[in-house]
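# Examination of the molecular architecture
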Amino acid sequence: RARRLEKALDTPAKIYYKYEGVSPAGSHKPNTAVAQAYYNKQAGIKRLITETGAGQWGSSLAFAGALFGLEVVVYMVKVSYNQKPYRRALMETYGARVVASPSTETQAGRSILATHPNSTGSLGIAISEAVEIAAADEQSKYALGSVLNHVLLHQTVIGQEALVQMEMAGDYPDLVIGCTGGGSNFAGIAFPFLGAKLRGERDVEIIAVEPAACPTLTRGKYAYDFGDTAHLTPLMKMHTLGSTFVPEGIHAGGLRYHGMAPLMSHVVALGLAEARLEYQLGCFAAGLTFARSEGILPAPEANHAVKAAIDEALKCKESGESKVILFNLCGHGHFDMQAYMDYQAGKLVDTEYSSAEVAMALAGLPSFG
Ligand SMILES: *Cc1c(COP(=O)(O)O)cnc(C)c1O
């Protein structure tokens, strides 16, 4: 429970957070990385190929690969590769090979570089590269760190634990909040509570928070789309900004994905969760408030959830309601100090998605006759 934050905000709300930053990689991602590496090892696979945005998934899979003696190759979005050398170093410490994407190692990478030689990359492009390499080698498998059903399933350990911990605290959340990139940490904390709601046991309000620079749930289209830029993945029905959309280089790298988990999209379409967007500066301000009261420095992605939790607690202050708020603190920001330095130096700006670019990317959605 964030008692010192409650005090700092002078709110009658009770604020709880589930902290996933205590894992070796510093986020919730090992919850699925370890499971995926385990099952691949059981299946006789030698090598896992993947992509990473901010580096958290790559670090988690590199860590999991080391546990089970699997080789790991990571295509890392170029803007992060340059912005976050320590994430890269962590992956290499665990024994992974890290390649800046778009790269010249794949057809997908070479074709992007031919038209956009200065491309800073995107998750969609990096996924194409990883899938292309994995598909060409029998002993390799592709591993994805978010979006897919099995990933969301593994992550529900977050909510399962939170249910028990809330019981230990003698409370139950009125509000459950999480940030959404591909939807896995959010579904992880929210789905077990949603299950209780759908079974008619306890009502709960659920809020998904995404960056204004990549507003998949709030401004995207709910349609069949590819998960990657080169269109190698199966089609998924999801909220999407278009598979060729390259979002602004905001610091919450883990939230820069054009699509959303189909299960998450479904839940939002059914009206079971509210989606809202937040701007980068407000999120960093919230992160600082949290760090100064609770001592934990949140990842820039997690700051989106912190911001919404603080906003909801301040609403309680106005209305006098004492709601119980639970949010997922999905990771620490120890590898994101450049982002915090830039924020404190006044170098960050609020960026919105470019509607012209989204329109262009959405025009390329696959159509069915
Ligand atoms: C990867 C990551 C995210 C975004 O992915 P989701 O699947 O939406 O959870 C958010 N926060 C952190 C700390 C991450 O590592």
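Because the structure is predicted, anything quoted here is derived from the model rather than measured.

### As for the packing of helix H13 (residues 280-294) against helix H14 (residues 302-319)
- Packing of H13 against H14 leaves a shortest axis separation of 8 Å and a crossing angle of 80°. Taken together, the axes of H13 and H14 are roughly perpendicular relative to one another. Facing H13, whose interface residues are Gly 282, Cys 283, Phe 284, Ala 286, Gly 287, Thr 289 and Phe 290, H14 presents Asn 303, His 304, Val 306, Lys 307 and Ile 310.
- Grouping the amino acids of the contact of H13 with H14 by side-chain chemistry returns six nonpolar, five polar and one charged.

### Comments concerning the site of the ligand
- As a structural note, the neighbourhood of the ligand is formed by 17 residues, with Lys 29, Ser 146, Gly 181, Ser 184 and Asn 185 the closest of them.
- Contacts to the ligand include Asn 185, whose side-chain N or O atom sits 2.8 Å from an oxygen atom.
- Within the complex, 97% of the 380 Å² of free accessible area of the ligand lies under protein.

### What about the domain arrangement of the chain?
- Assigned domains of the chain: these are domain 1 (3-24 + 150-363) and domain 2 (30-144).
- One C-alpha centre belongs to domain 1, the other to domain 2; they are set 24 Å apart.
- With 28 residues of domain 1 at the interface, the matching set in domain 2 holds 28 residues.
- With both sides pooled, the region where domain 1 packs onto domain 2 buries about 2,100 Å², and carbon together with sulfur makes up 60% of that total.
- By the criterion of area lost to domain 2, the three top residues of domain 1 are Pro 24, His 154 and Phe 335, representing 27% of everything that side buries.
- Summed over the shared surface of domain 1 and domain 2, the result is one salt bridge.

### Here we look at the packing of aromatic side chains
- According to the stated counting rule, one finds nine aromatic pairs in the structure shown.
- Ring centres of Phe 284 and Tyr 340 lie 5.2 Å apart, and the angle between their planes is 85°; on these two criteria the pair is classed as edge-to-face. One end of the pair, Phe 284, is in helix H13; the other, Tyr 340, is in helix H15 (residues 337-344), and 56 residues separate them in sequence. Across this residue pair, the class does not change: Phe 284 and Tyr 340 are buried.
- Between Phe 290 and Phe 327, the aromatic rings sit 5.8 Å apart at their centres with planes inclined by 80°, giving edge-to-face as the arrangement.

### Quick word on the environment of Lys 237
- With respect to the element layout, Lys 237 can be found in strand S9 (residues 235-240).
- What makes Lys 237 partly exposed here is its relative accessible area of 36%.
- When the C-alpha atoms of Lys 237 and Tyr 343 are compared, they prove to be 36 Å apart, with 106 residues separating the residues in sequence.
- When neighbours within four sequence positions are excluded, Lys 237 is seen to be in contact with Tyr 222, Ala 223, Tyr 224 and Pro 262.

### Notes on the pattern of salt bridges
- Tallied over the entire structure, the rule returns 16 salt bridges.
- Residue Lys 14 pairs with Asp 171 through a salt bridge whose shortest N-O separation is 3.0 Å. Remark: Asp 171 occurs in the loop between helix H9 (157-169) and strand S6 (175-179) and Lys 14 occurs in strand S1 (residues 14-19); sequence separation between them is 157 residues.
- Look at Asp 171 and you get buried, because its relative accessible area is 16%.
- The salt bridge involving Glu 201 is made with Arg 199; its shortest N-O contact spans 2.7 Å.
- A cluster of three or more residues bridged by salt bridges with shared partners is formed by Glu 274, Arg 276, Glu 312 and Lys 315.

### Thoughts on the sheet that holds strand S4 (residues 97-101)
- The four strands are arranged S4-S3-S2-S5 in an open sheet whose pairing can be described as parallel. One side of each edge strand has no neighbouring strand; the edge strands of this open sheet are S4 and strand S5 (140-142). Neighbour-to-neighbour, the strand axes of this sheet turn through a mean angle of 25°, independent of strand direction.
- As defined by bridge partners, strand S2 (residues 47-52) adjoins strand S3 (residues 71-77) across six bridges and the pair is classed as parallel.

### What to know about the side chain of Thr 52
- Residue position: Thr 52 is located in strand S2.
- You can call Thr 52 buried: its relative accessible area is 1%.
- A polar contact is formed between the side chain of Thr 52 and the backbone nitrogen of Gly 58, at a distance of 2.9 Å.
- If we skip the residues at most four places from it in the chain, Thr 52 touches Trp 57, Gly 58, Val 74, Tyr 75, Met 76, Val 77, Met 91 and Leu 123.

### Observations regarding the nonpolar core
- The biggest cluster of nonpolar side chains holds 31 residues, and the ones touching the most others in it are Ile 177, Phe 290, Phe 327 and Leu 329.
- Residue assignment for this core shows that the elements contributing at least two residues are helix H1 (3-9), S1, S6, strand S7 (205-211), H13, H14 and strand S11 (324-329).
- Ranked by the residues each element gives to this core, the list is headed by H14, at eight residues.
- Among residues more than four places away in sequence, those in contact with Ile 177 are Ile 189, Ile 207, Val 209, Ala 305, Ala 308, Ala 309, Glu 312, Ile 325, Leu 326, Phe 327 and Asn 328.
- By size, the runner-up hydrophobic cluster in this structure holds 28 residues, among which are Ala 187, Leu 194, Ala 196 and Ala 261.

### Points about the packing of helix H2 (residues 30-42) against helix H3 (residues 56-68)
- H3 packs onto H2 with a crossing angle of 40° between their chain directions and a minimal axis gap of 8 Å. The angle between the axes of H2 and H3 places the two elements in the oblique class. Crossing of H2 against H3: the hand is right-handed. Touching Pro 30, Thr 32, Ala 33, Val 34, Gln 36, Ala 37, Tyr 38 and Lys 41 of H2 are Trp 57, Ser 60, Leu 61, Phe 63, Ala 64, Gly 65, Leu 67 and Phe 68, all from H3.

Definitions and limits used
- Residues numbered from 1 in each chain as written.
- Predicted model: local features only at pLDDT ≥ 70, side-chain atom pairs only at ≥ 80, totals over all residues.
- Heavy atoms only, no water.
- Axes fitted to C-alpha atoms, helices over the stretch in contact; angles between N-to-C directions.
- Helix = DSSP H or I, 4+ residues; strand = E, 2+ residues; numbered from the N terminus.
- Parallel < 35°, antiparallel > 145°, perpendicular 65-115°, else oblique.
- Contact = heavy atoms within 4.5 Å.
- Nonpolar A, V, L, I, M, F, W, Y, C, P; charged D, E, K, R; others polar.
- Near = heavy atom within 4 Å.
- Polar contact = N/O pair within 3.5 Å; in protein donor to acceptor, adjacent residues only side chain to side chain.
- Areas by Shrake-Rupley, 256 points an atom, 1.4 Å probe, with all protein chains shown as cover.
- Domains from an automatic or database assignment.
- Buried area = accessible area lost by both parts, 1.4 Å probe.
- Salt bridge = Lys/Arg side-chain N within 4 Å of Asp/Glu carboxyl O.
- Phe/Tyr/Trp six-rings, centres within 6.5 Å; stacked < 30°, edge-to-face > 60°.
- Buried < 20%, exposed > 50% of the residue type's maximum accessible area, 1.4 Å probe, protein only.
- Pairing = 2+ DSSP bridges.
- Core = buried A, V, L, I, M, F, W, Y, C linked by side-chain atoms within 4.5 Å.
- Left-handed = near helix turned anticlockwise from the far one by under 90°.

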